[in-house]
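The chain contents come next:
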Amino acid sequence: MLIIEFLLNIAGATVLLLFAVKMVQRGVEQAFGASFRQAMKRSEAKLSATVFGALVAAVMQSSMAVAIMVSGFYGASIISFELGLAAMLGADVGSALAILFLSLDIRWLAPLMLLVGGLLFLKSETPTFRQIGRIIMGVALILIALDLIRTNVSPLRNSSFLPDFIVIL
């Protein structure tokens, strides 16, 4: 029965994590998709394309999402190959920074982010602020899901029956 509870907790936390990532991705696309496209279209500076790629990847926690957007822009001849490459390199940096941020002990931040994001999402009149609220709430749910996974896996970390190469958390 303990194994079923463990698997159910891990599965629920994983689904919450996937839902939260999708929530952040949708918020970023709806709030900043058009402005990202316009900024990439107007930008001829590789540094600004790199910064845009890093910011979007850090917020979306996915350099793959930036790769899909950039390849679509390149396919539609909106941006050049050089700008797309700069944005992808920035996305890799942004993704690494997001991982660094999420590896810190910031559990105290999740309730605050839920409060601020929820108020922005529910009370804001402008669509952009509503989507920023969605993004903040999504990041808070990511933190909660990671904490649930960490809590459920922590007994395995101290277990003596698992080989050392399996205990990586």
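Throughout this description, residue numbers start from 1 for each chain and increase along the sequence as written. Since the coordinates come from a predicted model, pLDDT governs what is reported: local features require at least 70, and pairs of side-chain atoms require 80 or more to be given and counted, while whole-chain, interface and lining totals use all residues. Side-chain calculation: all heavy atoms of the structure are included, whereas hydrogens and water are not.

## Structural notes on the packing of aromatic side chains
- Two rings from Phe, Tyr or Trp (for Trp, the six-membered ring) form a pair when their centres are within 6.5 Å of each other. A pair whose planes differ by under 30 degrees is stacked, one over 60 is edge-to-face, and the rest are tilted. Under the criterion given, the structure shown has one aromatic pair.
- Relative to Phe81, the ring of Tyr74 has its centre 6.3 Å away and its plane inclined at 70°; by these criteria the two rings are edge-to-face.
- A ring is scored as having a charge over it whenever the NZ atom of a lysine or the CZ atom of an arginine sits within 6 Å of its centre and within 35 degrees of its normal. Cation over ring: Arg130 sits above Phe121, and NZ or CZ is 4.5 Å from the ring centre.

## What about the nonpolar core?
- The set of buried Ala, Val, Leu, Ile, Met, Phe, Trp, Tyr and Cys residues whose side-chain atoms join them within 4.5 Å is what this entry labels a nonpolar core. Relative accessibility under 20% of the residue-type maximum defines a buried residue, over 50% an exposed one, and the middle range a partly exposed one, all with a 1.4 Å probe and only protein chains included. Val24, Val28, Val56, Val66, Met113, Ile142 and Leu143 are the most contacted members of the largest nonpolar core, which has 37 residues in total.
- For the purposes of this entry, the term helix denotes a DSSP run of H or I that reaches at least four residues, the term strand denotes a run of E that reaches at least two, and both are numbered from the N terminus. Breaking this core down by element, the ones donating at least two residues are α1 (2-42), α2 (46-60), α3 (63-75), α4 (81-103), α5 (109-123) and α6 (127-157).
- In terms of residues, this core owes the most to one element, α6, which gives 10 residues.

## Some points on the confidence of the model for the protein chain
- The share of residues in the protein chain with pLDDT of 70 or more is 86%, and the mean pLDDT across the chain is 81.
- pLDDT runs from 0 to 100 and stands for how confident the predictor is about each residue. Per-element averaging of pLDDT across the protein chain places α2 at the bottom with 78 and α5 at the top with 93.

## Section: a nonpolar patch on the surface
- A surface patch of nonpolar side chains, amounting to about 520 Å² of accessible area, comprises Trp108, Leu112, Leu115, Val116 and Leu119.
- Along the chain, Leu112 falls in helix α5. Candidates for patches are residues over 30% relative accessible area with no salt bridge; among them, like charges are joined within 9 Å and nonpolar side chains (Val, Leu, Ile, Met, Phe, Trp, Tyr) within 5 Å. Using a 1.4 Å probe, accessible areas were evaluated by the Shrake-Rupley method; residue-level cover was limited to the displayed protein chains. The working definition used for a salt bridge is a side-chain nitrogen of Lys or Arg within 4 Å of a carboxyl oxygen of Asp or Glu.

## Section: the packing of α2 against α4
- Where α2 meets α4, the axes come as close as 6 Å, and the angle between the chain directions of the two elements is 40°. Classified by the angle between their axes, α2 and α4 sit oblique to one another. For the crossing formed where α2 meets α4, the hand is right-handed. Residue-level contacts link Lys46, Ala49, Thr50, Gly53, Ala54, Ala57 and Ala58 of α2 to Glu82, Leu83, Ala86, Ala87, Gly90, Ala91, Gly94, Ser95 and Ala98 of α4. Between N-to-C directions, angles cover 0 to 180 degrees, with each direction set by a line fitted to C-alpha atoms, over the stretch in contact for helices. Any angle that falls under 35 degrees is termed roughly parallel, while one over 145 is termed roughly antiparallel, one within 65 to 115 roughly perpendicular, and all others oblique. Whether a crossing is left-handed or right-handed is set by the direction in which the near helix is turned from the far one by less than a right angle, anticlockwise for left-handed and clockwise for right-handed. Contact definition: two residues touch when any of their heavy atoms are within 4.5 Å.

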